[in-house]
Structure formats: structure tokens, C-alpha cells
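Each chain is listed here by its residues.
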Amino acid sequence: MAYEHHQVLTLNEQLEHKVAERTAELENTVRELRAAEAQAVHAEKMASVGRLAAGIAHEINNLINFIANSLPPLEETFRDARAILGLHAGGAHDEAARRAELRGLPAAVVEAEAVFHTLRNGVQRSREIVAGLTRFARRDEGEPCREVDVGRLLDSAVDLLRYELDSRIEVVRRYCLDGRLRCYPGALTQVFVNLLTNAAQAIDGKGNITLTTARDAGALTVSVEDSGTGIAPDAVNKIFEPFFTTREVGRGTGLGLAIAHAIVERHRGSIRVEPRAPQGTRFEREKSI
Ligand SMILES: Nc1ncnc2c1ncn2[C@@H]1O[C@H](COP(=O)(O)OP(=O)(O)OP(=O)(O)O)[C@@H](O)[C@H]1O
Ligand SMILES: [Mg+2]
């Protein structure tokens, strides 16, 4: 009897040891999986940075061209003003007045003020574009969960895609009054960039994208609706699968929605699609506070 009892104890000990070993292994696997997921999320984000880069470079280039074209007239005004000040300093006031009149200096100075204003806006806009891209490109692992206004995240996603949306697509915003949400802002912006990218790609020529936020009994619903081609019925069940894409080879990896799904799950929210072909597509993500 004593021998059996001893045997049971030993077996129990061995079992506990095995369980502890397996638990450690499992914890390790979970850690590795988390790291792999974070890596996949970041890689997909870098792919969208690549896609966005062409449009953003174009937009910044337009601003640089504008700045470059504004400089010569400003320099001319400055040169005239310096010459006229020189005449004044030498006591040739009449000649200075004549030259100022001849060169249209008063009007040029007023014009210069307007140009400075536009230049300042252009520089500010370039700064915002670069800051938006830098913020988006940042690694989100370890990003703290904090309360933000979801409308602002949607706006920053629209801003990143501004060039792609261009004048072709009208973005209609229907934000509710209280759009506050505790979330990982960088990751959620990525969800919106992915949904907006798909929406823009689904629209041939002109169309519109409607962004809606709604609060109902503590839950916040965000929807991204487009007037595009809609999703083919046989594709609807597959769109959240990793690597499912209907785009030409080299044009899509099929990860956009899989990543969006993973991020929304991390927020304990849900994401669903309402395909209403041919009128377009509506994606909804919901999160209770
Ligand atoms: N708004 C939409 N309208 C129509 N079809 C859509 C829409 N959003 C997604 N889809 C369909 O779902 C598929 C999967 O989308 P997902 O974003 O996961 O990958 P992708 O856009 O093909 O590639 P990636 O996002 O990696 O560049 C798309 O190929 C497309 O067929
Ligand atoms: Mg996509």
C-alpha cells in the first residue's frame, strides 16, 4: 500500500513537471507567435508606406515647385527695395520715389505678403505630410493604449491617402459627437488606411467614400462605405483570409483585410463587411468601450 502511494506521488510529481514544461513551451510559442504577428503587421504597414510614397512624393514635389517658383519674384522685390533704400540713404529721395514707382514696388510688396502667407502654408503642409508618414511608419509594438478621437484617426488616414483620393473621390464624413475610444492609435490608423485603400481601389473614375462613426449604448461603430464595384459574391467569405486577393499579380498581397481583422480583434472589436454590389461596399468595425 505504502509502495503504491509512493508510486502515485512520483507519478504525480512527474506529471506536474511535464505540465510545467509544456506550459513553458506553450508560453514560448505564444510569445513567438505574437512576435511573428507584430512582424507581419509591420511588414504590411511598410508595404503600404511604399504604396503611399509615390503619391506623397508627388504632392511634396508640387509644393517644392510652388516654393521654387515663388522665390524669383520675391528676390526681385527684395533687390528693388534694397536699391531704393540705397538711393534714400544717399539722399536721392526723388530718384528713389521715381524708381519705386517705375518698378511698381508698393504693389509688389503687397503681393509679397500674400506669397509669404501661401509659402508658410505650403511649408506647414509639407511638414504635416512628412509627420503623418513618420507617425504611420513607426513600429506600433508596445504602443500604449490611450483614449483618442476616432474621427481624428480617420482624418489622418484620409490625409495620408489624399493624393490617391485626389479630386476623383469625394470623402463624406459623418462623425458622431462623441468619438472617443481607448485604442492603439497607430494600429487603428492602419486599419483605416487599409479600408480606405481598398475603397479607393474599388472606385473606377469618380465616386465617393462615406466615413461614419456612431455611438450606441457605449459601443462605437465606424463604417467605411464606398460607391465602388462591390465584392463578387463568391469572394465575400474569403476577403479576410490572408493572401486572398483579386488584384493582378504584383498589385496586392491580400493582407490588408487580414491585418485589419487581427488589429480589430486585438481591440476586442469586430469587423464585418456588407457587400451591396453593385452599389458598393461597407465595412464596419465595432468596439464597445
Ligand atoms: N471596398 C472593397 N470593394 C470591393 N472589393 C473589395 C473591397 N475591399 C476588399 N475587397 C476585395 O477583397 C480582397 C482582399 O482585400 P485585402 O485588402 O485583404 O487585399 P488586397 O487589397 O487585394 O491587397 P493588399 O491590401 O495587400 O494590397 C481584394 O482583393 C478585393 O477583391
Ligand atoms: Mg487592400
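Just above sits the structure.
Let me begin by describing the structure that accompanies this report.

Conventions used here
- Residues numbered from 1 in each chain as written.
- Chains lettered and ligands numbered in written order.
- Predicted model: local features only at pLDDT ≥ 70, side-chain atom pairs only at ≥ 80, totals over all residues.
- Heavy atoms only, no water.
- Near = heavy atom within 4 Å.
- Polar contact = N/O pair within 3.5 Å; in protein donor to acceptor, adjacent residues only side chain to side chain.
- Areas by Shrake-Rupley, 256 points an atom, 1.4 Å probe, with all protein chains shown as cover.
- 1 Å grid on protein atoms, 1.4 Å probe; cavity = no way out; pocket = protein on both sides within 12 Å on 5 of 7 lines; lining within 4 Å.
- Sits in = over half its atoms within 2 Å of the grid points.
- Helix = DSSP H or I, 4+ residues; strand = E, 2+ residues; numbered from the N terminus.
- Nonpolar A, V, L, I, M, F, W, Y, C, P; charged D, E, K, R; others polar.
- Buried < 20%, exposed > 50% of the residue type's maximum accessible area, 1.4 Å probe, protein only.
- Core = buried A, V, L, I, M, F, W, Y, C linked by side-chain atoms within 4.5 Å.

The next thing to look at is the site of ligand 1. Of all residues adjacent to ligand 1, which total 20 residues, the nearest are Asn-198, Thr-245, Thr-246, Thr-253 and Leu-257. Leu-257 is positioned with one of its backbone polar atoms (N or O) 2.8 Å from an oxygen atom of ligand 1. In isolation ligand 1 offers 590 Å² of accessible surface; the protein chains occlude 96% of this area. Cavity membership is defined here by more than half of the atoms lying within 2 Å of grid points; on that basis ligand 1 lies in the largest pocket. Sorting the residues of the shell around ligand 1 by element identifies α6 (185–202), α7 (256–266) and β7 (281–288) as the ones contributing at least two each. The leading source of residues in the shell around ligand 1 is α6, at three residues. Residue composition of the shell around ligand 1, by class: eight nonpolar, nine polar and three charged.

Moving on: α7. Every buried residue of α7 is listed here: Gly-256, Leu-257, Ala-258, Ile-259, Ala-260, Ile-263 and Val-264. Backbone geometry just downstream of α7 places Arg-268 in the positive-phi region, at approximately 55°.

Most often, soluble globular proteins keep nonpolar side chains buried together rather than apart. Core analysis: the largest hydrophobic core is formed by 50 residues, its most contacted members being Leu-165, Val-191, Phe-192, Ile-209 and Leu-211. For this core, the element with the highest residue contribution is α6, accounting for nine residues. Listed in part, the five residues of the second largest apolar core include Leu-87, Ala-96, Ala-100 and Leu-105.

None of this, on its own, says anything about what the molecule does.
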